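# Commentary on secondary and tertiary structure
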Amino acid sequence: MLNIFSMAILAAILAGCLCGAIGFHVNHFKVTTLSFSISHAALAGASIGIVLSLDSTYSAMAAATSSALLLGLIFSRVERGRELVSMAVFSTSSAIALLAIYMSTARVLATTSVATVLWGSLLAVTPQKLIILLTVTILFLLYISAFRMHIDAILYDKKLAEAEGIDVQAHTLTLLLFTSIAIASTLKLTGGFLVFTLLYNPVASASQLARGARHQLILSSLLGSASAVSGLAISYLFNLPVGAAITLLSSLTLLISYGVRATVERTRLREASKIN
Amino acid sequence: MQVVRGIPKGNVVELLGVYVRYSGSDRPAILDVNLEVPPKRLVLITGPNGAGKTTLVETCLGLLKPMRGRAFLLGADTSRREVVQARRMCSYVPQDFMKPPYESYLAEHVILLGFSAYKAPFEPVNRKERERVLWATKLLGIEELLSKPMGTLSGGQQQKVLIARALARRPMVAFFDEPFASLDRESRTLVAETLRKYVDSQGATVFVVSHDISPIVGHADITVKLSDGRITRVEGC
């Protein structure tokens with residue numbers, strides 16, 4: 001049987017890998033704003049779970065998948081003001097989350113159940129949650145393997161893929177559903193306010209360090225896992241909130257990636273000018 | 001109407017009193033457009049900048065939905081989901097095809113991606129599809145580009161790769177939006193002749209959008225002239 005630390009490390013590896021891979025697709029499908037809104041819907045769901053004394057992972061999952069379906073359907077029908085609709089869902093979800101936390105019996109933000117949902121906790125990982133995370137990771141890997149050509153066609157040129165008869169709408173909706181489940185599954189580890197960090201920072205770093213789509217996908221997953229595990233370690237060693245530690249580390253990785261990229265380009269330019 | 005497999009008996013494209021407006025714009029980009037195109041034709045769509053040529057093509061494909069009127073592609077209503085099936089029998093080369101220098105997809109992979117829509121889950125690329133890629137690239141004389149990343153190719157080379165992708169799919173209907181824009185004179189003649197041969201040999205219908213009619217006008221069966229979003233003349237229908 002795994003102890004709490006082994007489970008937390010395993011969960012961090014899986015969460016980082018899953019969010020890194022999903023984040024790569026979210027970025028290339030150009031649904032970043034949607035995933036941001038879905039993250040906050042998950043936070044609202046988790047907060048409602050606290051008020052109703054339900055398992056907040058499942059209430060977060062219900063709220064996130066509902067918002068993914070709703071936004072996916074709205075986006076397939078509405079052309080104008082899509083970003084604004086997404087931001088309206090974001091602000092409404094945040095308001096519901098704050099209201100639910102205010103209404104909960106836990107009056108202090110540091111109360112364990114509230115703190116776990118807001119800041120994240122190493123102790124939130126249970127065998128059951130680990131199995132959910134593992135299942136979602138395997139399902140997502142199966143999905144991107146099964147539809148590799150469809151997804152590649154969309155990544156190369158979304159409009160062209162649509163014109164050639166690929167069901168871009170169905171793939172976008174599937175991706176949003178995976179995003180919502182991944183967010184809900186990792187929410188208690190990273191905290192509701194920072195859960196989307198693992199979706200954006202690793203792919204942003206990977207796009208600086210690698211050019212090919214496949215390399216970016218792999219690197220994004222690796223960086224996601226590395227940030228999550230090292231964030232977890234720092235949180236444990238210095239008694240800091242897990243979510244903040246993961247976010248700061250992944251932001252530092254992003255900063256370093258920009259530095260590496262700039263250095264590489266400067267070196268190339270210098271070598272090219274020497275040849276000329 | 002039903003989507004018909006094989007060479008269609010009815011019209012390939014039917015637009016009935018179609019108005020299309022872009023979101024945020026007060027004026028429709030195309031208005032009161034009526035057009036019926038029978039199979040096995042090479043159709044030239046021409047007109048000045050801003051006439052609505054690209055809008056017309058994207059409406060035919062169902063990428064843009066009519067705010068008024070109805071549009072049919074191979075018998076499928078473009079405002080319904082059945083159009084996704086109809087599109088699998090079509091090819092498209094968009095006007096904005098250029099990829100940045102860092103685009104790492106190899107030209108061969110980009111052409112092979114054209115077969116994605118027919119693929120079942122986990123189904124790999126087969127020998128027949130690789131042969132079709134070779135066939136299409138030989139037609140355009142671009143075999144040597146297959147192993148190169150798209151980002152390293154010139155505008156004309158990228159355009160030829162996408163034309164090869166469109167042909168490799170062996171579509172029943174193909175839409176080419178300004179296919180001569182980045183090509184030199186020799187390549188323009190080659191592409192125009194290739195499209196004509198494709199129509200004759202495959203019994204397909206090809207739509208070519210071009211503000212410069214010189215490379216293709218001699219090969220066209222139907223010429224549609226657009227101005228200010230309206231069809232002003234249809235010749236040869």
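This is a predicted model, so every value here is computed, not measured.

## Some points on the overall build of chain A
- Regarding its fold elements, chain A presents 12 helices and 0 strands.
- Along chain A, helices (α) and strands (β) appear in the sequence α-α-α-α-α-α-α-α-α-α-α-α when read from the amino end.
- Against the 2.2 N^0.38 benchmark of 19 Å for 276 residues, chain A shows a C-alpha radius of gyration of 19 Å, consistent with a compact globule.
- Each of the three principal axes of chain A carries a C-alpha extent, and together these read 70 × 50 × 35 Å.
- Burial statistics for chain A: of 276 residues in total, 53% are counted as buried.
- Across chain A, the fraction of contacts at a sequence separation of at least 24, relative to all contacts at a separation of at least 6, is 77%.
- Split by element, the accessible area of chain A, about 12,400 Å² in all, is 70% carbon and sulfur.
- Side chains of chain A give 17 positive and 10 negative charges; the mean places of these two sets differ by 8 Å.

## Quick look at the interface of chain B and chain A
- Each partner contributes residues to the interface: chain B has 34 residues there, and chain A has 25 residues.
- The junction of chain B with chain A conceals about 2,800 Å² of combined surface from both sides, 57% of it contributed by carbon and sulfur atoms.
- Three residues, B:Tyr105, B:Phe122 and B:Arg165, lead the burial of chain B against chain A; their summed loss comes to 18% of the area buried on that side.
- Linking chain B with chain A are 5 salt bridges, by the criterion used here.
- Between A:Glu164 and B:Arg165 there is a salt bridge; the shortest N-O distance is 2.7 Å.
- Counting the contacts that link chain B with chain A gives 13 residue pairs in polar contact (both at pLDDT 80 or more).
- Taken together, the elements giving at least two residues each to the side of chain B that touches chain A come down to α2 (83–87), β6 (90–93), α3 (107–112) and α5 (155–168) of chain B.
- Take the side of chain B that touches chain A: its biggest share by element is 3 residues, from α3(B).

## Focus on the pairing of strand β8 (residues 205–209) of chain B
Residue and element names in this part refer to chain B.
- Most of β8 sits out of view: 5 of its 5 residues are buried.
- Judged by which residues are buried, β8 turns out to be covered on both faces: Thr205, Phe207 and Val209 on one side and Val206 and Val208 on the other are all buried.
- Summarising the sheet, strand β3 (residues 42–46) and β8 pair through 4 bridges and their orientation is parallel. Looking across to β8, one finds that Val43 is bridged to Phe207.
- Sheet topology places strand β7 (residues 173–177) next to β8; 5 bridges connect them, and they run parallel. When the sheet's bridge partners are listed, Asp177 is paired in β8 with Val209.

## Quick look at the sheet that holds strand β1 (residues 13–20) of chain B
All names here are of chain B.
- Spatial strand order, β2-β1-β4-β5: 4 strands in an open sheet with antiparallel pairing. Of all the strands in the sheet, the pair left with one neighbour each is β2 (30–37) and β5 (76–77).
- In the sheet, β1 pairs with β2 via 5 bridges, with the strands oriented antiparallel. Among the inter-strand pairings, Leu15 is bridged to a residue of β2, identified as Leu35.

## Notes on the sheet that holds β6(B)
Residue and element names in this part refer to chain B.
- Across the sheet, 6 strands lie side by side as β6-β7-β8-β3-β9-β10; this open sheet has mixed pairing. Each having just a single partner strand, β6 and β10 (230–235) make up the two edges of the open sheet. Neighbour-to-neighbour, the strand axes of the sheet open up by a mean angle of 15 degrees, direction not taken into account.
- As paired elements, β3 and strand β9 (residues 222–227) share 4 bridges and run parallel to each other. Across the sheet, Ile45 pairs through a bridge with Val224, a residue of β9.
- On top of the sheet, α5 reaches β6 and β7; it is set at about 175 degrees to β6, its chief contact.
- Against the sheet, helix α6 (residues 185–202) engages β3, β7 and β8, with an angle of about 155 degrees to β8.

## Some words on the packing of helix α1 (residues 4–28) of chain A against helix α9 (residues 168–190) of chain A
All names here are of chain A.
- Running from N to C, α1 and α9 point in directions that differ by 150 degrees, and their axes come no closer than 10 Å. Relative to α9, the element α1 is oriented roughly antiparallel. Note that α1 runs across α9; the crossing there is left-handed. Across the interface between the two elements, Ala11, Ala12, Ala15, Leu18, Cys19, Ile22, His25 and Val26 from α1 touch Leu175, Phe178, Thr179, Ala182, Thr186 and Leu189 from α9.
- The residue inventory of the contact of α1 with α9, partitioned by class, reads 11 nonpolar, 3 polar and no charged.

## As for unusual backbone geometry
Residues and elements named next belong to chain B.
- With a phi angle near 50 degrees, Leu74 is a residue other than glycine that sits in the positive phi range.
- Tracing the backbone through its elements, the reader meets Leu74 in the loop between β4 (68–73) and β5.
- Under the relative-accessibility criterion, Leu74 is labelled buried at 3%.
- In this structure, Glu178 is a non-glycine residue whose phi angle is positive, near 50 degrees.
- Tracing the backbone shows Glu178 in the loop between β7 and α6.
- Classification of Glu178 as buried rests on a relative accessible area of 6%.

## Overview of helix α11 (residues 213–238) of chain A
- For α11(A), spanning 26 residues, the distance from its first C-alpha to its last is 37 Å, which sits close to the expected 38 Å at 1.5 Å a residue.
- Backbone geometry just after α11(A) places A:Asn239 at a positive phi near 55 degrees.

## Observations concerning the confidence of the model for chain B
All names here are of chain B.
- Mean pLDDT for chain B: 93, with 96% of residues reaching 70 or above.
- Per-element confidence in chain B ranges from a low mean pLDDT of 94 for β10 to a high of 98 for β6.
- Across residues 1–7, where pLDDT falls below 50, the model places 20 contacts with residues more than four positions away in sequence or in other chains.

## Quick word on the packing of aromatic side chains
All names here are of chain A.
- Per the counting criterion, the structure on display carries 10 aromatic pairs over all chains.
- Arranged with centres 4.9 Å apart and planes meeting at 65 degrees, the rings of Phe36 and Phe196 form a pair that is edge-to-face. Residue Phe36 is located in helix α2 (residues 32–51), and its partner Phe196 is located in the loop between α9 and α10 (197–209); the two are separated by 160 residues in the primary sequence.
- Overall, Phe36 belongs to the partly exposed group, its relative accessible area being 22%.

## A few points about the pattern of salt bridges
All names here are of chain B.
- Throughout the structure, instances matching the rule amount to 20 salt bridges over all chains.
- Lys119 is paired through a salt bridge with Glu123; the nearest N and O atoms lie 3.6 Å apart.
- For Lys119, a relative accessible area of 6% gives the class buried.
- Using a relative accessible area of 33% as the deciding quantity, one classes Glu123 as partly exposed.
- A salt bridge links Asp200 to Arg196, with the nearest nitrogen and oxygen atoms 2.7 Å apart. One end of the pair, Asp200, and the other, Arg196, are both in helix α6, 4 residues apart, so they sit about a helical turn from each other.
- Asp200 gets classed as exposed once you look at its relative accessible area, which sits at 54%.

Conventions we followed
Residues numbered from 1 in each chain as written. Chains lettered and ligands numbered in written order. Predicted model: local features only at pLDDT ≥ 70, side-chain atom pairs only at ≥ 80, totals over all residues. Heavy atoms only, no water. Helix = DSSP H or I, 4+ residues; strand = E, 2+ residues; numbered from the N terminus. Rg over C-alpha atoms; globule rule 2.2 N^0.38 Å. Buried < 20%, exposed > 50% of the residue type's maximum accessible area, 1.4 Å probe, protein only. Contact = heavy atoms within 4.5 Å. Areas by Shrake-Rupley, 256 points an atom, 1.4 Å probe, with all protein chains shown as cover. Lys, Arg positive; Asp, Glu negative; His and termini not counted. Charge placed at Lys NZ, Arg CZ, Asp CG, Glu CD. Buried area = accessible area lost by both parts, 1.4 Å probe. Salt bridge = Lys/Arg side-chain N within 4 Å of Asp/Glu carboxyl O. Polar contact = N/O pair within 3.5 Å; in protein donor to acceptor, adjacent residues only side chain to side chain. Pairing = 2+ DSSP bridges. Axes fitted to C-alpha atoms, helices over the stretch in contact; angles between N-to-C directions. Parallel < 35°, antiparallel > 145°, perpendicular 65-115°, else oblique. Left-handed = near helix turned anticlockwise from the far one by under 90°. Nonpolar A, V, L, I, M, F, W, Y, C, P; charged D, E, K, R; others polar. Expected span 1.5 Å × (residues − 1). pLDDT = per-residue confidence, 0-100. Phe/Tyr/Trp six-rings, centres within 6.5 Å; stacked < 30°, edge-to-face > 60°.

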